[in-house]
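Residues per chain are reported as follows:
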Amino acid sequence: QFSFGLTLNKSCKEFMLGNKAVCLEIPKNTQEKKTGLMHREKLLDNNGMLFSWEKSRKYCMWMKNTLIPLDVAFIDKSFKIKQISQMLPKSLKSYCANVPVKYIVEMNKGWFKKNNVKVGDKLKFV
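Residues numbered from 1 in each chain as written. Predicted model: local features only at pLDDT ≥ 70, side-chain atom pairs only at ≥ 80, totals over all residues. Heavy atoms only, no water.

### Things to note about the pattern of salt bridges
Consideration 1: According to the stated counting rule, one finds three salt bridges in the structure shown.
Consideration 2: With a closest N to O distance of 2.8 Å, E25 and R40 form a salt bridge. A residue pair is termed long-range when its members are at least 10 positions apart, and E25 in strand β2 (residues 20–25) and R40 in the loop between α1 (30–35) and β3 (47–57) qualify at 15 residues.
Consideration 3: We classify E25 as buried; its relative accessible area is 14%. (Salt bridge = Lys/Arg side-chain N within 4 Å of Asp/Glu carboxyl O. Helix = DSSP H or I, 4+ residues; strand = E, 2+ residues; numbered from the N terminus. Buried < 20%, exposed > 50% of the residue type's maximum accessible area, 1.4 Å probe, protein only.)

### Concerning the sheet that holds strand β8 (residues 101–108)
Consideration 1: Overall, mixed pairing links the seven strands, which are arranged β6-β5-β8-β3-β2-β1-β9 in an open sheet. The sheet is open, and its two borders are formed by β6 (81–87) and β9 (123–125), each paired with just one other strand. Each strand axis lies, on average, 35 degrees off the axis of its neighbour in the sheet, ignoring direction.
Consideration 2: Summarising the sheet, strand β1 (residues 13–17) and β9 pair through three bridges and their orientation is antiparallel. By the bridge assignment, M16 is partnered in β9 with K124. (Pairing = 2+ DSSP bridges. Axes fitted to C-alpha atoms, helices over the stretch in contact; angles between N-to-C directions.)

### Here's the deal with the packing of aromatic side chains
Consideration 1: If you walk through the whole model with that rule in mind, you get five aromatic pairs.
Consideration 2: On the numbers, 4.9 Å between centres and 35 degrees between planes, the contact of F15 with F125 is tilted. Residue F15 is located in strand β1, and its partner F125 is located in strand β9; the two are separated by 110 residues in the primary sequence.
Consideration 3: By relative accessible area, which is 36% here, F125 ends up partly exposed.
Consideration 4: Aromatic pair W111 and F112: ring centres 5.1 Å apart, planes at 85 degrees, arrangement edge-to-face.
Consideration 5: The exposure class assigned to W111 is buried, which follows from its relative accessible area of 2%.
Consideration 6: Put simply, the rings of F51, W53 and Y59 pair up and form one aromatic cluster. (Phe/Tyr/Trp six-rings, centres within 6.5 Å; stacked < 30°, edge-to-face > 60°.)

### Details of the environment of G18
Consideration 1: By the element assignment, G18 lies in the loop between β1 and β2.
Consideration 2: Once you skip the residues sitting within four places of it in the chain, G18 turns out to touch V117, D121, K122 and K124. (Contact = heavy atoms within 4.5 Å.)

### Regarding the state of the cysteines
Consideration 1: Inspection of the entire model under this criterion finds two disulfides.
Consideration 2: Two residues share a disulfide in this structure: C12 and C23, whose sulfurs sit 2.0 Å from each other. Handedness here is read from the sign of the S-S torsion; for C12 and C23, about 90 degrees, the answer is right-handed. You can see C12 sitting in the segment before β1 and its partner C23 sitting in strand β2, a full eleven residues away along the chain.
Consideration 3: Disulfide pairing places C60 opposite C96 at an S-S distance of 1.9 Å. Between C60 and C96, the S-S torsion sits near 110 degrees, and that sign places the bridge as right-handed. In this pair, C60 is assigned in strand β4 (residues 60–61) and C96 in strand β7 (residues 95–96), connecting sequence segments 36 residues apart.
Consideration 4: Judged by its relative accessible area of 38%, C60 falls in the partly exposed class.
Consideration 5: When the bonded cysteines of the protein are numbered from the N-terminus onward, they pair as 1-2, 3-4. (Disulfide = S-S within 2.5 Å.)

Take it as geometry only, folks, not as evidence of what the structure does.
Put into structure tokens, the structure is as follows:
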């Protein structure tokens, strides 16, 4: 078992989502976590952002000030994808996990479908 450190800088770290290699940014503090992918005009193809918390619960995300359409994967403490949702740019709607999760990954809209990564697949360190 592994955990995510909070001392990481803004550069991305390599992971596997299902059997696809991705590079995920990890916010290093509460402010970066709140900002997420806001104000960005694009996200490279296999890049995204990984959010993690100490405890599992039904976390929600929103798209305030987020300009690019995103897919969000809600991931449990055993690193298994439990749910994938599409989020609309600039929306104030809350997109929430249906079950308690510990991790959330945001990728470009359609990324999960295009790469055949689905519910039940796992997030893994490379």
